[in-house]
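Coordinates in review
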Amino acid sequence: MQQRALVNPFAYYAEKRLVVVGLAATAIGSVLGWLFNARFDGVLDLHFVQQLRVWQPLLDNGINILSLTLPLYLFGLSINGKTRLIDVVAAVLVARIPFYVLPLANIGGYMYGAANQLVTGTMEGTPVGMGTIAANIAFFAAAVSAMAVFVFWLFQGFKTATNSKKAAHKWIFGACIVLSEVISKMMLVLVSKI
């Protein structure tokens, strides 16, 4: 049962428990983002910066959660009028958990430095060390893995919340994620001007 619960936690745990776990993970992920200078600057994005304010990762995550929840909830209502907002929120909160581990790659500013070395070396045509290349490849692999788990869990939660069964729903679900990315980027730009 434990393996099945990891594959699809939405089928095994009540939505209130999932929301609590998701909110706790968001808080922990936001603290890790602050400690290790990680911006969650888009639904599908994470970038390391030289410095940031304590509230920025939490604001990023709040915007990302809202940007994902609204389109998915509206789409869910079009599939099933009985779709509950709390179920969609639970899916979004839990699905984002894999992203919250990624800031640990920047302990001591390591990934920020490695990414800058790679970009600078590439643009200036100077040699880049194998350690720098390996670090960037390893982080890229970890980020892609986190994104894959995120999409998988999000779809499992969405499917459970809406009782979605049609193949066409998968395509519209994908479009909702892309739309959410655009919305989150626009909201982050607007907030940065305040």
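Right, let's walk through the structure included here.

Rules used in this analysis
Residues numbered from 1 in each chain as written. Predicted model: local features only at pLDDT ≥ 70, side-chain atom pairs only at ≥ 80, totals over all residues. Heavy atoms only, no water. Salt bridge = Lys/Arg side-chain N within 4 Å of Asp/Glu carboxyl O. Helix = DSSP H or I, 4+ residues; strand = E, 2+ residues; numbered from the N terminus. Buried < 20%, exposed > 50% of the residue type's maximum accessible area, 1.4 Å probe, protein only. Phe/Tyr/Trp six-rings, centres within 6.5 Å; stacked < 30°, edge-to-face > 60°.

Description of the pattern of salt bridges
On inspection of all chains with the given rule, the structure shows four salt bridges. Asp45 serves as the salt-bridge partner of Lys185, at 3.1 Å between the closest nitrogen and oxygen. Within this pair, whereas Lys185 is found in helix H7 (residues 167-192), its partner Asp45 is found in the loop between strand E1 (38-39) and strand E2 (47-48), the two being separated by 140 residues in sequence. On the accessibility criterion, Asp45 (18% relative accessible area) is buried. The network of salt bridges with shared partners includes Glu15, Arg84 and Asp87.

Details of the packing of aromatic side chains
Within the structure shown, the criterion is met by six aromatic pairs. Residues Phe40 and Tyr100 carry aromatic rings whose centres are separated by 5.7 Å and whose planes lie at 80 degrees to one another, so their mutual orientation is edge-to-face. Note that Phe40 is positioned in the loop between E1 and E2 and Tyr100 in the loop between helix H4 (85-95) and helix H5 (110-124), a separation of 60 residues in sequence. Per residue, the accessibility class of Phe40 equals that of Tyr100, and both read buried. Ring geometry for Phe75 and Phe158: centres 5.4 Å apart, planes at 10 degrees, overall stacked. Taken together, the residues span a long stretch of sequence, with Phe75 in helix H3 (residues 56-79) and Phe158 in helix H6 (residues 130-162) at a distance of 83 residues. Residue Phe75 shares its accessibility class with Phe158, and that shared class is buried. Members of the aromatic cluster, each reached through a chain of ring pairs, are Phe75, Phe155, Phe158 and Phe173.

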